[in-house]
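This is what each chain is made of:
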Amino acid sequence: MQFSANFMPNQETVFITGGAGFLGSYITRKLLQQGYKVVVYDAFVQYSNPIDGFNTEAQIQRRFDGIKDKVVFVRGDTTHKSFLQKAVLQHKPSVIIHLAALPIADIGDKNPDEANSSIIEGTINILNIMKDVDFVKRFVYTSSSMVYGDFEYSPADEEHPKKPKSIYGATKFAGEILTEAYGRRYKIPYTIIRPSAIYGPGDVNRRVVQMFLENAFVDKPIKLHNGGTSKLDFSFVEDVADGFILAAFHPKAEGQIFNITRGEGRQLKELVDIIQKLVGHPLKVEITPPDFHRPERGALSIEKARKLIGYNPQYSLEQGVEKYYKFLKQFYA
Ligand SMILES: NC(=O)c1ccc[n+]([C@@H]2O[C@H](COP(=O)([O-])OP(=O)(O)OC[C@H]3O[C@@H](n4cnc5c(N)ncnc54)[C@H](O)[C@@H]3O)[C@@H](O)[C@H]2O)c1
């Protein structure tokens, strides 16, 4: 059988913690299209300030346009083990994709207790539930490129040293180690994914691409630390969602760790240039001092995912940002 992100309609159930979020909603939509039953287990946490969060609620609603009735939503927190267990036992998923986590490094650094409970405790709970059931055929743990810390070389492959520089990166790495240990001890079939700088329609967490585009629309200065020379592996959300689905079902993904990104390091000032071309006039830019708390990153190697599971991201930064620009523009007309 050929494995692609679009293979085989199916009646199996996929249980997605954090599935109501930005990335989870794309994975959910794609799985429904492929005939899976999807259970979204989500605490509906809001990370951006609701007072400043222009359009936040509407964007969250939009994630499930046309599919709301097809998804089973369970409002619940992964830190509430008995409730989570009840939901897992009720739905008996063959795949669990674990996305639920405090997803922002800066907030994690300011709230280490929240990072700890959301990322570590939530992960331990789900692992403890899985060790006692036999119906889960794959557990997908969502890590982050932040586990690497400052890149010592680029593209960084999965073997790159892990020296996280933030509470977020450290707790995500702890979740990886726990997943591997439970996997060995209790024979839980797992796959670990390290995404980076995901962007696209539907994000409300005010990450860099969203912030730059929104500032461009309202003519607010875009802040560029150190002149925007730092590089990120910007990854369009559709590509990342395809990568997750491949990793969740491909037999060769079992027991593996994958970088799932675009596979290119692009400077933040290049992002400004791309947006400038789209809006058609010069943008206001404010150069600010370097931010030494953020790791110096760049391209991640996606060769392992390409070779083993056929991951093949489609969107260049130019193409992805144009899609995102067109989507956001309608709200700023
Ligand atoms: N977006 C990125 O650039 C990026 C990069 C690397 C890794 N990740 C990881 O990918 C995952 C998804 O991120 P996203 O961008 O979709 O973020 P998101 O905030 O849009 O989605 C996270 C979802 O998890 C839910 N959640 C959080 N804590 C929970 C808990 N304890 N119990 C139940 N639900 C909870 C939230 O309500 C939210 O719906 C996260 O694990 C994040 O750390 C994201």
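See above for the structure.
Everything quoted here is computed from the prediction, not taken from an experiment. (Residues numbered from 1 in each chain as written. Predicted model: local features only at pLDDT ≥ 70, side-chain atom pairs only at ≥ 80, totals over all residues.)

## Observations concerning the sheet that holds strand E5 (residues 138-142)
Across the sheet, seven strands lie side by side as E3-E2-E1-E4-E5-E6-E11; this open sheet has parallel pairing. If you trace the sheet from one side to the other, it starts and ends with strand E3 (72-75) and strand E11 (256-259), each paired once. Each strand of the sheet is rotated relative to its neighbour by a mean of 15°, with strand direction disregarded. The pairing of strand E6 (residues 190-194) with E11 spans four bridges and is classified as parallel. Within E11, the residue paired with Ile192 across the bridge is Ile257. Packed on one face of the sheet, helix H1 (residues 22-33) meets strand E1 (13-17), strand E2 (37-42) and strand E4 (95-98) and runs near 165° to E2. (Pairing = 2+ DSSP bridges. Helix = DSSP H or I, 4+ residues; strand = E, 2+ residues; numbered from the N terminus. Axes fitted to C-alpha atoms, helices over the stretch in contact; angles between N-to-C directions. Contact = placed C-beta atoms within 7 Å.)

## Some points on the nonpolar core
One recurring pattern in soluble globular proteins: nonpolar side chains tend to sit buried together. In this structure, Ile97, Phe244 and Ala247 are the most contacted members of the largest nonpolar core, which totals 88 residues. Among the elements that make up this core, the one with the highest residue count is helix H8 (residues 237-249) (nine residues). Excluding its chain neighbours within four sequence positions, the residues that come into contact with Phe244 are Ile27, Ile97, Val140, Ile193 and Ile260. (Core = buried A, V, L, I, M, F, W, Y, C linked by C-beta atoms within 7 Å. Buried ≥ 20, exposed ≤ 12 C-beta atoms within 10 Å, placed from the backbone.)

## Description of the site of the ligand
If you check the shell around the ligand, you find 30 residues, and the closest are Gly18, Gly21, Phe22, Leu23 and Ala100. Of all elements in the fold, only H1 and helix H5 (112-130) reach the threshold of two or more residues within the shell around the ligand. Sort the elements by how many residues they give to the shell around the ligand and H1 lands first, with three residues. Residues of the shell around the ligand, tallied by class, amount to 15 nonpolar, twelve polar and three charged. (Near = placed C-beta within 6 Å. Nonpolar A, V, L, I, M, F, W, Y, C, P; charged D, E, K, R; others polar.)

## Things to note about the environment of Glu238
Mapped onto the secondary structure, Glu238 falls in helix H8. Taking the number of C-beta atoms within 10 Å as the measure of exposure, Glu238 has 19 and is therefore partly exposed. Other than its neighbours up to four places away in sequence, Glu238 contacts Tyr26, Gly200 and Tyr315.

All we've got here are geometric facts, nothing functional implied.
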